[in-house]
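Read off the chains here:
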Amino acid sequence: MSNRQRGRVSTLPTPQQQQQPPTCAQKAAKSLSSKPSTTPPNKIALPAVLTKRNHTIVIERDGTALPDNTNTLTIHDAINSAIKKPLIATIEFTTNYHVLLITKDNTPATAVLKHHRFAIEEAIRATIPTAIGLRKDEISYKVILHGIPTTSSFTTIQA
């Protein structure tokens with residue numbers, strides 16, 4: 001005789017009525033939606049991987065050759081001691097006589113310039129002659145146009 005026939009109704013749910021435990025995906029979605037953002041609203045989010053361009057500060061020079069006694073180690077030590085932190089990893093020279101400062105691992109060039117520009121400029125004045133500027137490395141483009149006359153007169157323009 002079944003429970004219904006005896007007049008009793010079972011309060012236990014049937015196996016189809018039992019709730020399944022949440023899946024891992026459901027748990028992850030719930031935890032992500034309930035966590036507040038860890039990035040402060042006024043802080044700029046940095047890319048996960050910084051490229052070499054993000055690590056490079058350019059010291060612009062007037063185009064004259066560097067003196068023979070110019071040494072990368074001297075420049076490196078002067079700048080790092082001026083900013084009182086070892087933020088500059090390496091120094092490189094370009095073919096047009098500019099000097100590149102490469103920052104350490106997760107240190108973007110913008111942060112170094114924002115907080116230490118004055119100290120770097122003072123160290124540059126003492127170690128690098130004819131420095132004319134300091135900037136973050138940026139993408140540059142060159143455009144070559146062929147077949148455009150470089151001289152013109154009024155008669156050639158009307159024709």
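Description of the structure in this document. Starting afresh in each chain, residues are numbered from 1 along the sequence in its written order. Thresholds applied to this predicted model are a pLDDT of at least 70 for local features of residues and 80 or more for the giving and counting of side-chain atom pairs; totals over whole chains, interfaces and linings are not thresholded and use all residues. Neither water nor hydrogens contribute to the side-chain values; these are computed over all heavy atoms in the structure.

## Topic: the side chain of Asp-137
The way it works is that DSSP assigns letters per residue, a run of H or I at least four long becomes a helix, a run of E at least two long becomes a strand, and they are numbered from the N terminus. Note that Asp-137 resides in the loop between strand E4 (131-136) and helix H5 (154-158). Accessible area is worked out with a 1.4 Å probe on protein chains only. A residue is then buried under 20% of its type maximum, exposed over 50%, and partly exposed in between. Among the residues examined, Asp-137 registers a relative accessible area of 17% and is labelled buried.

## Quick notes on the sheet that holds strand E3 (residues 99-103)
One requirement defines pairing of two strands: DSSP has to find at least two bridges between them. With antiparallel pairing, the 4 strands of this open sheet are ordered in space as E2-E3-E1-E4. Two strands in the sheet have a free side with no partner beyond their single neighbour: strand E2 (88-93) and E4. Put simply, the sheet's adjacent strands are angled 20° from each other on average, direction ignored. Across 5 bridges, strand E1 (residues 56-61) lies against E4 in antiparallel orientation. Bridging across to E4, Ile-57 finds its partner in Lys-136. Whether two residues are in contact is decided by their heavy atoms: any pair within 4.5 Å suffices. Helix axes are fitted only over the stretch in contact, all axes being lines through C-alpha atoms; the angle between N-to-C directions runs from 0 to 180 degrees. Against the sheet, helix H3 (residues 72-83) engages E2 and E3, with an angle of about 140° to E2. Taken strand by strand, helix H4 (residues 109-127) contacts E1, E3 and E4, and its axis lies near 165° from that of E4.

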